[in-house]
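# Notes for the structure review
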Amino acid sequence: MFHRFLAAFLLMATAAAAADRVPLVMDGKTSLPQRVLVRQATERLDAPDGHPLGSALPLQQFFVYGRSEGWVEVGPSQDGRDLGWLPVTAVADWNQNIVATLEVTAGLDRTLFLSDLDTAYDLVEAEDPGTEAAALRAEAEAAERSGTPSNRVVALGPREAIDQRQRLHVLPILDAEEALFENGTFVNLLKVAVARTGGRDAAGPAATEKPIGGVPDAPRAGMRAGVVFVVDTTHSMGPYIDATREALSGVYREVAAANLTDRVSFGLVGYRDSLRGQPLLEYAARTFVTLDEGRSEAGFLAGIRTMTEATASSRGFREDSYTGLEHAVSSLDWSGYDVRLVVLVTDAGPREPTDELSGTGLSGEALNRLVREQLGGYVAVIHLLTPKGAEVGDHERATRLYRELTTFPNLPPLYFAVPKGEAAAYEAAARQVGQVVVDQLSASARDAGGPAPVPDTPIASAVGQAMQTLRLAYLGRQDGTEAPDVFEGVIADRDFAQPALRPVSIRLLLSKAQLSDLAEALQIVVDKAEANVLDPDRFFEQVLGAAADMSRRPESVSRRQDETLAGAVAVSELLEGLPYRSRIMTITQEDWVRMSISEQQALVNDLHDKLERYRRYNASPDLWVNHLGQPGADGLLYPMLLDDLP
């Protein structure tokens, strides 16, 4: 019995000792741990040149607990357990959770993964970077076909989009340098690794062993489209409700003629305004036709017959169109639809988050992000420029906000104005949107190899490009498209031929705990700013005190009066070193006091918007994924776009 007790005691003592170990901290930081990524499949050892403990897989992340000549001691988590040793040559330092994700968009060529920075600089500094990039791409495609590696291009990005929900991928950024095109456009050259989940063996095939994203021999399932019209049903909108019915009746006839009745569905949502402003409006947003009901013309017409304009007037000219859009995104069942498009029909500008009658608390930019990240689709706006809107001076503001709402990466804004708000012109625009969807689906059914041409009109061109981009995402899902299997390469964050376009998005991998810390820090700033509107001199003092009271490490909270907001709320280390410049968190006490009340309020409003985004990200379980093989809750990460940072 004594031996069993001794063994149990030693086991507990060993576990306790392990729990006391913490990762090394990055140089110049006080809390951010050192991390590495595994370059290639290798064995972790119990000591340098010791006995095997188990395999470490390519792109697996480890925390660093110690360093010895030629070796690094690592663990999969920050709890000091399951430690082992890896050769320094088998890992790459990764000092920030910064990653890139590929943006495969209609009109963009395949991303070049270049062998080194010198090759990238040669392209950027070329007299015609687009032509030089095209020659390199042709060289790389020839290497793909022959199986002979290219000296200058280690891989090509996929032809089709990678489905982030089914075959997740991130490109950890190991280093970055800024360069300049001859036309004056800045470009970031990113040394990246490639990490993805699903279907990867320990070693990973060479990038040139097979074409990436090619058209498969097996037939694909038919692409299906769900299009939901979100229509303003306030007073005076009756003619536009009728025009929606007529437009889609014509589109349904085209659907039937193209034999696509099982491939396209139209839904219908009506919105009015907040019932807090006018209870007689009956509803803020309501579904009139679900996507299941809208699979047939009869189902759609039955729903739209029940849609009528309000008999009571809303408060003011602005209406809560964002609530109608959020209802369409969150309340309808979009499963089974590859193309997801929401079309807002409105004659009035939206209620912004600062409006007491806003039902969402979201800005147009935040709602755009919700549509892109959560729905995986696009939102378009058909804006009726009625004489009444001109009379109250609403057009300019509404146009600016709706263009912001409908701007997606590498695409023209899906914003379409109807001069004078004429019902017949709106009917033609709505029908054109539906017709482009039908044409693209018809082309997909006939020939998986290429999209349909689109008429040369602003609506057809913009919606056609969006449809072709969604088609690339559909083809990627069908083919199981993945990121290329290379450990390191250099990519550019701008297209060489079209520098205004960005083939990658830059993101920060955040854990739930980090998102919580960030949200807590922003809430402190918001609360204290609002409490000290008339006494800005006390703002920083109260922020510093509240940060220390709420922090799990109060000793780490700065007491300096010249500290920035980020330092005051102990998130400066999280934000420092990122390819991002905060508009808000670099403000000092002196900066704050110099600001006018309206400038201060604008910054607080921006933080409110960010907090609402964080709340929704945290509440969406399918957005949190174990990207890098880290065990436990800390392994669940969300790839937040840098624009979402404060």
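The model shown is predicted, which means the values in this text are computed figures rather than measured ones.

Attention now goes to helix 3 (residues 129-146). The end-to-end C-alpha distance of helix 3 is 26 Å, a good match for the 26 Å that 18 residues give at a rise of 1.5 Å each. Among the residues making up helix 3, those that are buried are Pro-129, Gly-130, Ala-133, Leu-136, Arg-137, Ala-140, Ala-143 and Glu-144. Each buried residue of helix 3 lies within a common arc of 135° when the element is viewed along its axis, so the set occupies one face. The inward-facing, buried residues of helix 3 abut strand 9 (112-114), helix 2 (117-124) and strand 10 (153-156). Gly-147 lies just past helix 3 and shows a positive phi near 80°.

Attention now goes to helix 5 (residues 297-304). Those residues of helix 5 not exposed but buried are Phe-300, Leu-301, Gly-303 and Ile-304. Seen end-on, helix 5 carries its buried residues on one side only, within an arc spanning 160°. Where the residues of helix 5 are buried, they touch helix 4 (238-257), strand 15 (264-271) and strand 16 (285-289).

Before going further, it helps to spend a moment on the environment of Ala-284. Tracing the backbone through its elements, the reader meets Ala-284 in the loop between strand 15 and strand 16. With 36 residues separating them along the chain, Ala-284 and Asp-320 place their C-alpha atoms 7.6 Å apart. Not counting residues up to four positions away in its chain, the partners in contact with Ala-284 are Gly-270, Tyr-271, Arg-272, Asp-273, Leu-275 and Thr-323.

Right, let's get into the sheet that holds strand 14 (residues 225-232). Each strand in a sheet pairs with its neighbour through backbone hydrogen bonds, running either in the same direction (parallel) or in the opposite one (antiparallel). The six strands lie next to each other as 16-15-14-17-18-19, forming an open sheet whose pairing is mixed. Across the chains shown, the open sheet's two edge strands, defined by having one partner strand only, are strand 16 and strand 19 (415-419). Mean inter-strand twist for the sheet, computed between neighbouring axes without regard to direction, equals 20°. The pairing of strand 14 with strand 15 spans eight bridges and is classified as parallel. Residue pairing for strand 15: Ala-225 is matched across the bridge by Val-264. Against the sheet, helix 5 engages strand 15 and strand 16, with an angle of about 140° to strand 16.

So, on to empty space enclosed by the protein. Per the counting criterion, the structure on display carries seven cavities of 30 Å³ or more. There is about 100 Å³ of room inside the largest cavity. Considering the residues around the largest cavity, the lining is formed by 13 residues, among which Thr-111, Leu-112, Arg-494, Phe-496 and Pro-503 are closest to the centre. Of all the elements in the fold, those that place two or more residues in the lining of the largest cavity are strand 9 and strand 20 (488-492). The element contributing the most residues to the lining of the largest cavity is strand 20, with three residues. Tallied by class, the residues present in the lining of the largest cavity amount to seven nonpolar, one polar and five charged. Considering only enclosed or pocket space, the second largest cavity measures out at about 70 Å³ in volume. Taken together, Ala-529, Glu-530, Asn-532, Val-533, Trp-592, Ile-597, Gln-600, Gln-601 and Val-604 make up the lining of the second largest cavity. Per-element tally for the lining of the second largest cavity: the top contributor is helix 17 (residues 597-618), with four residues.

With that settled, consider a negative patch on the surface. On the surface, a cluster of negative charge is contributed by Asp-116, Asp-118, Asp-122, Glu-125, Glu-127, Asp-128, Glu-132 and Glu-182. With respect to the secondary-structure elements, Asp-116 resides in the loop between strand 9 and helix 2.

Let us look at the nonpolar core. The biggest cluster of nonpolar side chains holds 81 residues, and the ones touching the most others in it are Phe-229, Val-230, Phe-266, Leu-268, Phe-300, Leu-325 and Tyr-426. Leave out the neighbours within four places in its chain, and Phe-266 touches Val-227, Phe-229, Leu-248, Val-251, Tyr-252, Val-289, Thr-290, Leu-291, Gly-294, Phe-300 and Gly-434. Formed by 34 residues, the second largest nonpolar core is a distinct cluster that contains Leu-102, Val-526, Val-604 and Tyr-617.

This part takes up the packing of helix 4 against helix 5. It is the contact of helix 4 with helix 5, at a shortest axis distance of 10 Å, that shows an interaxial angle of 175°. By the angle between their axes, helix 4 is roughly antiparallel relative to helix 5. Residues Ile-241, Thr-244, Arg-245, Leu-248, Ser-249 and Tyr-252 of helix 4 touch helix 5, and the partners they reach there are Glu-297, Phe-300, Leu-301 and Ile-304.

Another aspect to go through is the pattern of salt bridges. Enumeration according to the criterion identifies 29 salt bridges in this entry. The shortest N-O distance in the salt bridge between Glu-352 and Arg-397 comes to 3.5 Å. Of the two residues, Glu-352 sits in the loop between strand 17 (339-346) and helix 7 (364-375) while Arg-397 sits in helix 9 (residues 395-405), which places them 45 residues apart along the sequence. Exposure remark for Glu-352: the relative accessible area of 26% places this residue in the partly exposed category. For Glu-373, the salt bridge goes to Arg-507, with nearest N and O atoms at 3.0 Å. Of this pair, Glu-373 sits in helix 7 while Arg-507 sits in strand 21 (residues 504-511), and the two are 134 residues apart along the sequence. Several salt bridges share partner residues, and in doing so they unite Glu-365, Arg-369, Asp-609, Arg-613 and Asp-644 into one network.

For the structure shown, the criterion picks out seven aromatic pairs. A centroid spacing of 4.8 Å and a plane angle of 75° characterise the contact between Tyr-378 and Phe-408, whose relative ring orientation is edge-to-face. Of this pair, Tyr-378 sits in strand 18 (residues 378-385) while Phe-408 sits in the loop between helix 9 and strand 19, and the two are 30 residues apart along the sequence. Here Tyr-378 and Phe-408 have matching classes, each one buried. Among the aromatic residues, ring-to-ring pairing joins Tyr-252, Phe-266 and Phe-300 into one connected group. The ring of Tyr-337 has Arg-224 lying over it, and the distance from NZ or CZ to the ring centre is 4.5 Å.

The next thing to look at is the confidence of the model for the protein. Fine structural detail should not be taken from predicted coordinates in areas where pLDDT scores are low. When pLDDT is averaged along the protein, the result is 79; 77% of the residues meet or exceed 70. Predicted confidence for residues 1-17 stays below pLDDT 50, and this span has one contact to residues more than four positions away or in other chains. Segment residues 196-220 is flagged for pLDDT under 50; beyond a separation of four residues in sequence, or across chains, it makes 60 contacts in the model.

Moving on: the environment of Thr-234. By secondary structure assignment, the location of Thr-234 is in the loop between strand 14 and helix 4. Note: C-alpha distance between Thr-234 and Ser-313 (79 residues apart in sequence) is 7.0 Å. At a separation of 2.6 Å, a polar atom in the side chain of Thr-234 contacts the side chain of Asp-232.

Here we take up the pairing of strand 14. Counted residue by residue, strand 14 has eight buried out of eight residues, so it is predominantly covered. Burial of strand 14 is two-sided: the residues Ala-225, Val-227, Phe-229 and Val-231 facing one way and the residues Gly-226, Val-228, Val-230 and Asp-232 facing the other way are all buried. Read from strand 14 through helix 4 to strand 15, the crossover connection turns out right-handed. Looking at chain direction, strand 14 and strand 17 are connected through seven bridges and run parallel. Note on strand 17: the bridge partner recorded for Gly-226 is Arg-340.

Calculation notes
- Residues numbered from 1 in each chain as written.
- Predicted model: local features only at pLDDT ≥ 70, side-chain atom pairs only at ≥ 80, totals over all residues.
- Heavy atoms only, no water.
- Helix = DSSP H or I, 4+ residues; strand = E, 2+ residues; numbered from the N terminus.
- Expected span 1.5 Å × (residues − 1).
- Buried < 20%, exposed > 50% of the residue type's maximum accessible area, 1.4 Å probe, protein only.
- Arc of directions from axis to C-beta.
- Contact = heavy atoms within 4.5 Å.
- Pairing = 2+ DSSP bridges.
- Axes fitted to C-alpha atoms, helices over the stretch in contact; angles between N-to-C directions.
- 1 Å grid on protein atoms, 1.4 Å probe; cavity = no way out; pocket = protein on both sides within 12 Å on 5 of 7 lines; lining within 4 Å.
- Points joined across faces, edges and corners; volume = space filled by probe spheres on them.
- Nonpolar A, V, L, I, M, F, W, Y, C, P; charged D, E, K, R; others polar.
- Patch = residues over 30% accessible without salt bridge, like charges linked within 9 Å, V, L, I, M, F, W, Y side chains within 5 Å.
- Areas by Shrake-Rupley, 256 points an atom, 1.4 Å probe, with all protein chains shown as cover.
- Salt bridge = Lys/Arg side-chain N within 4 Å of Asp/Glu carboxyl O.
- Lys, Arg positive; Asp, Glu negative; His and termini not counted.
- Charge placed at Lys NZ, Arg CZ, Asp CG, Glu CD.
- Core = buried A, V, L, I, M, F, W, Y, C linked by side-chain atoms within 4.5 Å.
- Parallel < 35°, antiparallel > 145°, perpendicular 65-115°, else oblique.
- Phe/Tyr/Trp six-rings, centres within 6.5 Å; stacked < 30°, edge-to-face > 60°.
- Lys NZ or Arg CZ within 6 Å of the ring centre and 35° of its normal.
- pLDDT = per-residue confidence, 0-100.
- Polar contact = N/O pair within 3.5 Å; in protein donor to acceptor, adjacent residues only side chain to side chain.
- Right-handed = clockwise from strand over helix to strand, strands pointing away.

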